[in-house]
Each structure stands twice: as C-alpha cells, then as structure tokens.
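# A look at the structure
What follows is each chain in one-letter form.
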Amino acid sequence: MGIEILWLMPISPIGKENRKGPMGSYYSITDYTAVNPEFGTLEDFKSLVKTAHENNMKVILDWVANHTAWDSPWMQNKDWYTLDSLGNPGPPEGTDWSDVVDLNYDNQEMKTAMKDAMKYWLTEADIDGFRCDVASWVPTEFWNDARAELDQVKPVFMLAEAEMPELHKKAFHMSYAWEFLHIMNSIAKGEMNLDAIDNYMAKEDTNHAPNDYRMYFVTNHDENSWAGTLEERMPGRKEIFTALTYTLPGMPLIYSGQEYDLDHRLKFFEKDSFPKTKGAYFELLKKL
C-alpha cells in the first residue's frame, strides 16, 4: 500500500482509577515507559520495530504529554499537576475527561521526566518519532526543547495533533489538517461548495512554510467514533475525497480499519474490532 510510517496509538498501560467504560481510554496512561500487557511485552514491541525497519518503514508512538491517569506513579509528586484553588489536581480545564489529570508545565522536574520518558523509547526500542496528542495544549517551548534533545539521541519525525503553524518552526515536521477534514465533510453534505477548498489552500500558503507537512485524512479514531463512518459523513463520495487527500501537498493518513472499508463506529472505551476483508476500497488505496 506504499505505507512508510506506522503510527501506533498509545501502547502503555491504561489507568484503572476513574476509568471510562470496561477498557478505558488509551490516552489515560499510568506508566510512560511500560507496555500494556494486553498488547504483549517490550520484546514484542522491539521485534515489531525491527521488522518495520527491515521493510524500510518507520514507527512513531502516540505520546500523551498533557495528562496522565489518576493512578500514575507521577501522582506522588502533587506539584507536577495543575492544582485548583483548594490544592487538588483535576482533568484538563473545559473537558469531561474525568479519567485523566492535567500536568503542570511550570514544573521543571516534570518536564525533565517527560523528556526522559520520550528518550527511553528511542534508546530502548529504536522508534523513529512521536505523534503528540493535543500538542497545542502543551507549551510550544517544551516541544522545542524536547525536539532538540531527542534529535541528539537520533533524528526523529514529529507529528502534532494540532493546527498551530508556530509548532512547525522548531518542533514538528507535520500537523493535522483538521479544518480540511471538516470542509470535506461539509462539501459532501452540500453545506459548502468547492470554493472552500481554494480558500483553504490559499490560507495554507499564507500560514505555512513550503516545507511544513500537513496530514490530510478522511477519517481517524476520533472522527470515526464520534462523528461517524466514511459512508455516514461522505455518502457515495468517500473515494473522491480519499483521492483528494493523496493529491494535496502533504501526507495522507490511512487509519486502522479504513483500508477494509470499516462500516461501523468503533466504541471508544470498549474493546472493538473491524473486518479484514480486502475489497474495492483497499485496491483504491493501493493504487493511490
């Protein structure tokens, strides 16, 4: 299928305290340097990375720097977390993420521990970079420092789940084109016309440097679970919008299950599965 980079969603153990649903969220992490036993062992993961490298592919890990699980060992350091007026930690402000606790980026010890945890995966498993969750919620200065330190270990590829052009200046190679996904959804529903694409690309030329990678996609885990399947959002039009993501200046994403024409919304906090039958859409992705 021409895939060159594998992005693995968080592989660390999921928190049990205040867990949502029977499985919990993979973004509620207890231990940044451990492997969720449901997935296997560290040796299994290292073998996966080695096999990917042997096939000329890179592996990047999903990194959750904004918050931890409530039962993370880091909670022993209360000042590593954002505290309310009563001195209690809590979820990120303005969210219903009751299963996670917001980290305090004014604390230097915490920032050092975070960078050390990221370096662990470079030295221990030889991964090639990170997809950084809600990257715009973490100070850009931290990402700039982290990128410089990580590159000292080995050159890394950095993907930001964010749309802030400033993140590209020093820290990130690529960022999410969230707005463009929403434009495609709206065009598919007849709520926008094709002028929206021209206007968007003109804005991209203004906001981004020529070497800023933008990641274009028609679906991912958030969009599938909360907004709907491709057929729900782009009825009868998913093929043309998928082709569009391959022709724009940037990098396309294929999310798990998409290649098998996933036809249902994956449950976010429960174990779920998708079919593995190769059909016409699989062949389209190979051709693209």
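## Some thoughts on the sheet that holds strand 7 (residues 174-176)
Read across the sheet, 7 strands follow the order 1-2-5-6-7-8-9 without closing on themselves; strand pairing throughout is parallel. The sheet is open, and its two edges are formed by strand 1 (5-8) and strand 9 (251-252), each paired on a single side. In terms of strand pairing, strand 8 (residues 213-216) meets strand 9 through 2 bridges, oriented parallel. The residue of strand 9 that forms the bridge with methionine 215 is methionine 251. Most of the contacts of helix 2 (residues 108-125) go to strand 2 (residues 58-63), to which it runs at about 155°, and overall it touches strand 2, strand 5 (129-132) and strand 6 (157-160).

## Focus: the side chain of aspartate 212
In this fold, aspartate 212 is placed in the loop between helix 6 (195-207) and strand 8. Despite its burial, aspartate 212 pairs with no opposite charge; the closest candidate is arginine 214, at 7.3 Å N-O. Looking at aspartate 212, its side chain comes within polar contact range of the side chain of histidine 208, at 3.3 Å. Every residue in contact with aspartate 212, bar those within four places of it in the chain, is listed here: His168 and His173.

Cut-offs used in this document
- Residues numbered from 1 in each chain as written.
- Predicted model: local features only at pLDDT ≥ 70, side-chain atom pairs only at ≥ 80, totals over all residues.
- Heavy atoms only, no water.
- Pairing = 2+ DSSP bridges.
- Helix = DSSP H or I, 4+ residues; strand = E, 2+ residues; numbered from the N terminus.
- Contact = heavy atoms within 4.5 Å.
- Axes fitted to C-alpha atoms, helices over the stretch in contact; angles between N-to-C directions.
- Buried < 20%, exposed > 50% of the residue type's maximum accessible area, 1.4 Å probe, protein only.
- Lys, Arg positive; Asp, Glu negative; His and termini not counted.
- Salt bridge = Lys/Arg side-chain N within 4 Å of Asp/Glu carboxyl O.
- Polar contact = N/O pair within 3.5 Å; in protein donor to acceptor, adjacent residues only side chain to side chain.

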